[in-house]
Amino acid sequence: MNKLPLLVVLCIATVAAAQPVYESSDRDGPVFSDIPSTGAREMQLPQTNLMDSPPPQVATQPAPAVAPYTAVQITQPENGGTVHSNTGLFSMAVALSPNLRTDRGDAIAIKLDGTVLPVRRITLQFDISSDEWQMAAKDQVEHQVEVAVVDRAGMALLIATPVRFYVHRATRH
């Protein structure tokens, strides 16, 4: 079975929609081209079969919009309060509305005395470790802590008002 005529017809059909097709002959048989040559005749091809595509599916129910965070506040340490710690270890608490959406990758980022701590928190009550204190705390009497709700990429979604506090270290007399 000779497949050449089928191949020629398929080629002609794909080209036919865009421009005329010319047929001429050489010693091997028919030659088809989109450029007229001496002795070539323009072929009258049947109209190309077209099929309508179904309309794109439109979502009937849009995905529910996630409500943005509306409030974030540092509740511990208290603004102007004193933290008692010899090592720098102290507890923090944050109030957030609505709840932290950890399923989306949201977290709490902390900045202590202007230095962003490397570990993000996924709970609203957590400790600042002695190592974090040593890394970030400035050698000063008053300290400042800030928190921000951040997305997976680290972009701030909501930032709390900073809290200023003091650290009391026990001394021997």
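Owing to the predicted nature of the structure, the values given are computational and were not obtained by experimental measurement.

Cut-offs and rules
Residues numbered from 1 in each chain as written. Predicted model: local features only at pLDDT ≥ 70, side-chain atom pairs only at ≥ 80, totals over all residues. Heavy atoms only, no water. Core = buried A, V, L, I, M, F, W, Y, C linked by side-chain atoms within 4.5 Å. Buried < 20%, exposed > 50% of the residue type's maximum accessible area, 1.4 Å probe, protein only. Helix = DSSP H or I, 4+ residues; strand = E, 2+ residues; numbered from the N terminus. Contact = heavy atoms within 4.5 Å. Pairing = 2+ DSSP bridges.

Things to note about the nonpolar core
Met 92, Ile 110, Leu 112, Ile 128, Val 145, Val 147 and Phe 165 are the most contacted members of the largest nonpolar core, which totals 24 residues. Every element with two or more residues in this core is listed here: strand S4 (71-76), strand S6 (90-97), strand S7 (107-112), strand S9 (125-128), helix H2 (130-136), strand S10 (142-150) and strand S12 (163-168). For this core, the element with the highest residue contribution is S6, accounting for 4 residues. Sequence-distant contacts of Val 145, defined by excluding residues within four places in its chain, comprise Ile 74, Pro 77, Met 92, Ile 110, Lys 111, Leu 112, Pro 162, Val 163 and Phe 165.

Overview of the side chain of Asp 106
Tracing the backbone through its elements, the reader meets Asp 106 in the loop between S6 and S7. The residues touching Asp 106, leaving out its near neighbours within four places in the chain, are Tyr 69, Leu 100, Arg 101, Ile 122, Val 150, Asp 151, Arg 152 and Leu 157.

Observations regarding the pairing of S10
S10 sits mainly inside the fold: 8 of its 9 residues count as buried. Note: S7 against S10, 6 bridges, orientation antiparallel. Considered in S10, the bridge of Ile 110 is made with Val 147. Where S10 lies against S12, 4 bridges are found, and the strand directions are antiparallel. Within S12, the position partnered with Gln 144 by the bridge is Arg 164.

Everything listed here is a matter of geometry and, on its own, says nothing about what the molecule does.
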